[in-house]
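The chain contents come next:
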Amino acid sequence: MSRIRFTRRLPAAVAAAGLALAVAACGGESSNSSDGATAAAAEELKPNADLSKQSLQVTVWDGYTPKELPEKAKEKLKVSEVKVGLHATNEEAMAKLTASGDSGIDVAFVSGQYAQALNEQGLLEPIHAELVPNLANLYPEAGQLSYDKGNKYSVPYTWGTTGICYRTDLVKSVPTSWNDLLKPPAWADKKVTMMTTERWLALPALKLLGYSVNTDKDEEIAKAKELLLAAKPHLLAYDDTTFGDKLVSGEAVMVEAWDGWCPTTEKNIKFAVPKEGSDLWVDTMVIMKSSKNKEAAHALINYILDPEIHSWAAENINYKVPNKAAMERVKAPEGSLLGIKPAELLDGESIIDLGQASTKYTRLSSEVTAQS
C-alpha cells in the first residue's frame, strides 16, 4: 500500500499562509467565487469536440494515480498527448498554478481548501456537468462539501477524516477523546505523536474546546495554543511522516492520524474518531481557466470517474473515493477503514480556506513546535 499522503500533507519549506493572498500575489485577480464562475461559464464548450487536436498536462501527487494513466487516457480519449507532472505538496502545486497567467496545466489535483482559494481568485473553469456524465457515479454526499457545494468548480477524488490511531495491545484504555492525546495518561506519556501541518496541529485542541476547525477568532486560537503547549512535554514527537511506523514498532501507542494512513490492516492497530468530532478532508480535481484544452480536461475527469479507474485509489492507496459505483467494486481487506460510510464522513467539518486569517495558523504552528 502506497503511503503518499504524508508527503502530500506536509507544507513546503515555508507553508503557504493565506492561500487566497498567495494566489493574488502570483498574478490572480481577486474576485468572489460566484462572480468568477459566472464569467467563466460564458465560454461555450463543445460536447463533441475533436479531442485529437487537444493535449493534456496534469499535476498530481506522486503515486496518487495509476502509472499507466497517461497512455491509457490518451488511447481512450483520443487526445494527442497526456503528460503527468508531479508535486509533493499542495503548496508546490499552488506555486505551479499561480506562477504566471498560464501555467500550461490543464488539470490539477489539490485539496479542497486550495481549490476554493484558486476559485476565489478566478483561476478555475467551472465544471460543465454535461461534459462529465460520470458525475452520476458520485455519492449524493459528494455534492454537499462546504467549500464547493454542488461541485461547481471541483470534482472530489478522495476523502477521509482524522482521528486517533492506536495499538490495542499497548493501551490500557481505548482512546475516545482528543484529551487522550493532549493530556495522555501516565502509561502513554512520551508515547504519543501529533501532527505539525498547521490546520491538523490545531484540530485536536479546537475540537476539544468545542470550536470550529475554521475559527479565525484570536481568543479561541489562543486557548487552543495553551492546550497544545501544555501537551508538548508529554509527546514522543511531532510527526506527519512516520507515525504509522512508530505504532508498528511499539515506540508509540497512540498517534494523531489521517484515516488512510492508520495501518489498520496490521495486527493490533485500530482507528477512532474522538467523541468531540473531527474533520472531513477532500482531495479534488480542478480545471484551470487558462487551459486551452477544456473539453479534453473534462473528458479526463470523466474517465477517472469511471468505476474501474476510480476504484484504483481505494485498492492501491487505501483511500476512500466518493464514487459509489467505484466503492462497490472494492474488496476491503480485513481491518481496513474503507467501509466508513459517506454520511459518517459528512459528520466531520470540512476544512476551508481562511484567506488572510490563515496566517494565524502559520504563527500558531511555528510557536507551538519551536524548539524550547
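Let me begin by describing the structure that accompanies this report. (Residues numbered from 1 in each chain as written. Predicted model: local features only at pLDDT ≥ 70, side-chain atom pairs only at ≥ 80, totals over all residues. Heavy atoms only, no water.)

Here we look at the overall build of the protein chain
- Helix and strand content of the protein chain: 15 helices and eleven strands.
- Here the protein chain, with 372 residues, has 56% of them falling under the buried criterion.
- The contacts in the protein chain between residues at least 6 apart in sequence include a share of 79% that link residues at least 24 apart.
- With an accessible surface of roughly 15,500 Å², the protein chain has 49% of that area assigned to carbon and sulfur atoms. (Helix = DSSP H or I, 4+ residues; strand = E, 2+ residues; numbered from the N terminus. Buried < 20%, exposed > 50% of the residue type's maximum accessible area, 1.4 Å probe, protein only. Contact = heavy atoms within 4.5 Å. Areas by Shrake-Rupley, 256 points an atom, 1.4 Å probe, with all protein chains shown as cover.)

A look at the state of the cysteines
- Enumeration over the complete set of coordinates arrives at one disulfide.
- The residue that forms a disulfide with Cys165 is Cys262, at a sulfur-sulfur distance of 2.0 Å. The sign of the S-S torsion, about 80 degrees, decides the handedness of the disulfide formed by Cys165 and Cys262: right-handed. Here Cys165, found in strand β5 (residues 162-167), pairs with Cys262, found in the loop between β8 (254-258) and β9 (269-272); they are 97 residues apart in sequence, far enough to count as distant. A single burial state applies to Cys165 and to Cys262, both of which are buried. (Disulfide = S-S within 2.5 Å.)

Side note on the packing of helix α9 (residues 218-231) against helix α15 (residues 358-369)
- For the pair α9 and α15, the least separation of the axes is 10 Å and the interaxial angle reads 20 degrees. The orientation of α9 with respect to α15, classified from their angle, is roughly parallel. Relative to α15, α9 is oriented so that their crossing is right-handed. Residue-level contacts link Asp218, Ile221, Lys225, Leu228 and Leu229 of α9 to Lys360, Tyr361, Leu364, Glu367 and Val368 of α15. (Axes fitted to C-alpha atoms, helices over the stretch in contact; angles between N-to-C directions. Parallel < 35°, antiparallel > 145°, perpendicular 65-115°, else oblique. Left-handed = near helix turned anticlockwise from the far one by under 90°.)

A short note on the sheet that holds strand β7 (residues 237-238)
- Strand order across the open sheet formed by five strands is β7-β6-β8-β5-β9, with mixed pairing between neighbours. A strand with exactly one partner marks an edge of an open sheet, and here the two such strands are β7 and β9.
- Pairing analysis gives four bridges linking β5 to β9, with the strands arranged antiparallel. Across the sheet, Arg167 pairs through a bridge with Ile269, a residue of β9. (Pairing = 2+ DSSP bridges.)

Concerning the nonpolar core
- Membership of the largest hydrophobic core comes to 110 residues, with the highest contact counts inside it found for Tyr64, Phe109, Met254 and Leu300.
- In terms of residue count, helix α11 (residues 294-304) provides more of this core than any other element does, seven residues in total.
- Apart from the residues lying within four places of it in its own chain, the contact partners of Leu300 are Leu56, Val58, Ala73, Leu77 and Val107. (Core = buried A, V, L, I, M, F, W, Y, C linked by side-chain atoms within 4.5 Å.)

A closer look at the packing of helix α4 (residues 69-77) against α11
- Closest axis-to-axis distance for the α4/α11 pair is 11 Å, and the angle between their directions is 110 degrees. Relative to α11, α4 is oriented roughly perpendicular. For the element pair α4 and α11, the recorded crossing hand is right-handed. Within the contact between the two elements, α4 uses Leu69, Lys72, Ala73, Lys76 and Leu77 and α11 uses Ala296, Ala299, Leu300, Tyr303 and Ile304.

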